[in-house]
Amino acid sequence: MISKRHFLFNLVLIFVPWLTVLFIGKRSFRRYCFAGVFIIVFEIINHMYGHKRNWWKFYNKRKSFLRDELPFSIGPYMPLSMWLLKISYGNFKKFVTLNAIADGIFAFFIINVLKKVKIVRLNKLNNFQFFLYLHYKAYLLYGFQYLFEKMRGYRLYM
């Protein structure tokens, strides 16, 4: 049984990031949406692996990937990825720095808040390991976008 708090959290986690996409612009959405879809699929695979390994523990009694991990995958990952690409694509150092900041905020602060409100806590990972788990995907995202634009013939903005 999902708690009311967890259900509301999942709704906010999915809808708020997607509402921000309304402001990204049609051109940027089309440019970065393939990388966003790629990162969602990759993140779902990562979450399934972490779910199986018990890297984190949700406070609901019954384990459910769809209820617990999936909202994290489909909620913030694609919109945040597209925004970070829009803001910093073409400047790799800026992209890595912004990703490190976003991943650090989540791994060291937000995850602790989620533990206090009894949504999720880290189980077999410490905060730094969780940061690495989040952050390494930034390089894949950038590489995917780079290759996608190279194939499509986009001019890179350096």
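Residues numbered from 1 in each chain as written. Predicted model: local features only at pLDDT ≥ 70, side-chain atom pairs only at ≥ 80, totals over all residues. Heavy atoms only, no water.

1. Section: the layout of surface pockets
The computed volume of the largest pocket comes to approximately 760 Å³. Forming the boundary of the largest pocket are 34 residues, of which F72, P76, Y77, L80 and F106 lie nearest the centre. Of all the secondary-structure elements, those providing two or more residues to the lining of the largest pocket are α1 (4–20), α2 (26–53), β1 (56–58), α4 (70–88), α5 (92–116) and α6 (127–152). Looking at side-chain class alone, the lining of the largest pocket contains 27 nonpolar, 3 polar and 4 charged residues. (1 Å grid on protein atoms, 1.4 Å probe; cavity = no way out; pocket = protein on both sides within 12 Å on 5 of 7 lines; lining within 4 Å. Points joined across faces, edges and corners; volume = space filled by probe spheres on them. Helix = DSSP H or I, 4+ residues; strand = E, 2+ residues; numbered from the N terminus. Nonpolar A, V, L, I, M, F, W, Y, C, P; charged D, E, K, R; others polar.)

2. Considering the packing of aromatic side chains
Going through the model one piece at a time under the given rule, you end up with 22 aromatic pairs. When the ring of W55 is compared with that of Y133, the centres are 5.7 Å apart and the planes differ by 80 degrees; the resulting orientation is edge-to-face. With W55 in the loop between α2 and β1 and Y133 in helix α6, this pair connects stretches of sequence that are 78 residues apart. An angle of 70 degrees between the planes, with centres 4.9 Å apart, marks the rings of F92 and Y142 as edge-to-face. Taken as a pair, F92 in helix α5 and Y142 in helix α6 lie far apart in primary sequence, 50 residues in all. (Phe/Tyr/Trp six-rings, centres within 6.5 Å; stacked < 30°, edge-to-face > 60°.)

3. Focus: α1
In this model α1 runs 25 Å from its N-terminal to its C-terminal C-alpha over 17 residues, within 8% of the 24 Å that 1.5 Å per residue would give. Among the residues of α1, those classed as buried are H6, F9, N10, L13 and P17. Projected down its long axis, α1 carries its buried residues within an arc of 100 degrees, all on one side. In this structure, α1 carries K4, F15 and L19 as exposed residues pointing more than 90 degrees from its buried face. (Expected span 1.5 Å × (residues − 1). Buried < 20%, exposed > 50% of the residue type's maximum accessible area, 1.4 Å probe, protein only. Arc of directions from axis to C-beta.)

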